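# Summary of structural features
If you want the building blocks of each chain, they are given just below.
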Amino acid sequence: MSDLVLQGLTKRFGEFTAVDALDLTVPAGSFFALLGPSGCGKTTTLRMAAGLEEPTAGRILLGDRDITGLRPHQRPVNTVFQSYALFPHLDVAGNVAFGLRRRGVRDHAAEVARMLELVQLDGLGRRRPAQLSGGQQQRVALARALVNRPQVLLLDEPLGALDLTLTRRMQVELKRIQTEVGITFVHVTHDQEEAMTMADTVAVMNAGRIEQLGRPAELYEFPQTPFVANFLGQSNLLAAEVVERGAGYVAVRAYDNRYSVPAGRCRAAGPAAYLGVRPEKVHLAEAAAQVPAGHDSVAGVVTDWSYVGVGNRYLVRAPWGTELAVFSPNTGEGYYPPLGGEVVVHWDPAHAFLLDREPGAGDATTPVAPEPTGVPA
């Protein structure tokens, strides 16, 4: 087991740079997620690691071994695609054994049975892919990749074709399988919930580069850039100016209101900043007198409301026109204002964060209500 290391990895298609001098180390034995929107370069990065795409520049290493010039079948790397790519004329056992037969392994029945048991498909070895559900086909694709004992398993949007219920079930299964086999998993996805549910480490990509890398909770609670704040979840980002840096806090002014942020949650180096707070950290009160002491607040009007079972999602228009997203959990208690009602939005300053802002840039608040869990789908 060795770390997967990308050094200065670059891929250009004509004048377009899909991956831009990417430096990345994926620790051996980890579940690693490359997360980003369509076109950010994540799948191109995976294809270069798999040997399916030739880099324009840079190197790919497994430990000290340079595998940049090796063909796909020469690399100790296997890939699972969204389309599964199963052989319809072979049964489940035949699909799983395919790689072993290509390597000349004749006595493979026991190993195939062990893989089918690992992915909880024991007893289905004689079925054809067409006789399986989407989740079962995905497990066959996993077993076929794992049976070759790769050092790294690359997963390219592997759950994209499944329905929501099955996707969440497979998230649990993928994590269980990775923990059992101990192989390095590199999971490419645009789905934030997938990345945060399964990965030990998440790298958020944007325009061919890594915007931020870290544990899911770290990225969500303390984003480094406006892009991360609004892609990995949703954020209320208000254009602000730093007016004071005190002992343990940073004071900012936004729309004639003064707010504060703990110094440890400030990433703004200059005076222009974004004051950020997640929707599930924001609360609603009927009047200013009901706002807890020490909370920052702003008055507004409810412009949108939806009931989502586990809670209520609101948009509240501030006096300057920006709509703030709020999520109120369905606890059976608290204040549930009507559409068009006047409210006071408030939050604990300890839950706010401060990011750098380009001078002249306005608010960057996500213009939609948040997902009910606080962890976006």
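Criteria and thresholds
Residues numbered from 1 in each chain as written. Predicted model: local features only at pLDDT ≥ 70, side-chain atom pairs only at ≥ 80, totals over all residues. Heavy atoms only, no water. Helix = DSSP H or I, 4+ residues; strand = E, 2+ residues; numbered from the N terminus. Core = buried A, V, L, I, M, F, W, Y, C linked by side-chain atoms within 4.5 Å. Buried < 20%, exposed > 50% of the residue type's maximum accessible area, 1.4 Å probe, protein only. Arc of directions from axis to C-beta. Contact = heavy atoms within 4.5 Å. Axes fitted to C-alpha atoms, helices over the stretch in contact; angles between N-to-C directions. Parallel < 35°, antiparallel > 145°, perpendicular 65-115°, else oblique. Left-handed = near helix turned anticlockwise from the far one by under 90°. Nonpolar A, V, L, I, M, F, W, Y, C, P; charged D, E, K, R; others polar.

For Pro-292, the position within the fold is in the loop between β15 (283-285) and β16 (296-307). Sequence separation of Pro-292 and His-346 is 54 residues, and the distance between their C-alpha atoms is 8.5 Å.

What follows is about the nonpolar core. Counting 47 residues, the largest nonpolar core has Val-96, Leu-142, Leu-146, Leu-153, Leu-174, Phe-185 and Val-202 as its most contacted members. Leu-238, Ala-273, Val-302 and Tyr-314 belong to the second-largest nonpolar core, a separate cluster that totals 27 residues.

Another aspect to go through is helix α3 (residues 109-118). The complete set of buried residues in α3 reads Glu-111, Val-112, Met-115, Leu-116 and Leu-118. Angularly, the buried residues of α3 cover 155 degrees about the axis, an arc narrow enough to put them on a single face. Within α3, the exposed residues directed more than 90 degrees away from the buried face are Ala-109, Ala-110 and Glu-117. Buried residues along α3 sit against α2 (92-102), α4 (134-146) and α5 (164-181). Immediately beyond the C-terminal end of α3, within one or two residues, lies Gln-120, with a positive phi of roughly 60 degrees.

On to the packing of α4 against α5, then. Interaxial distance between α4 and α5 falls to 11 Å at its minimum, and their mutual angle equals 20 degrees. By the angle class used here, α4 and α5 are roughly parallel. Both α4 and α5 take part in a crossing whose hand is right-handed. Listed contacts from α5 to Gly-134, Gly-135, Gln-138, Arg-139, Leu-142 and Leu-146 of α4 are Leu-166, Met-170, Glu-173, Leu-174, Ile-177 and Val-181. Residues of the contact of α4 with α5, tallied by class, amount to seven nonpolar, three polar and two charged.

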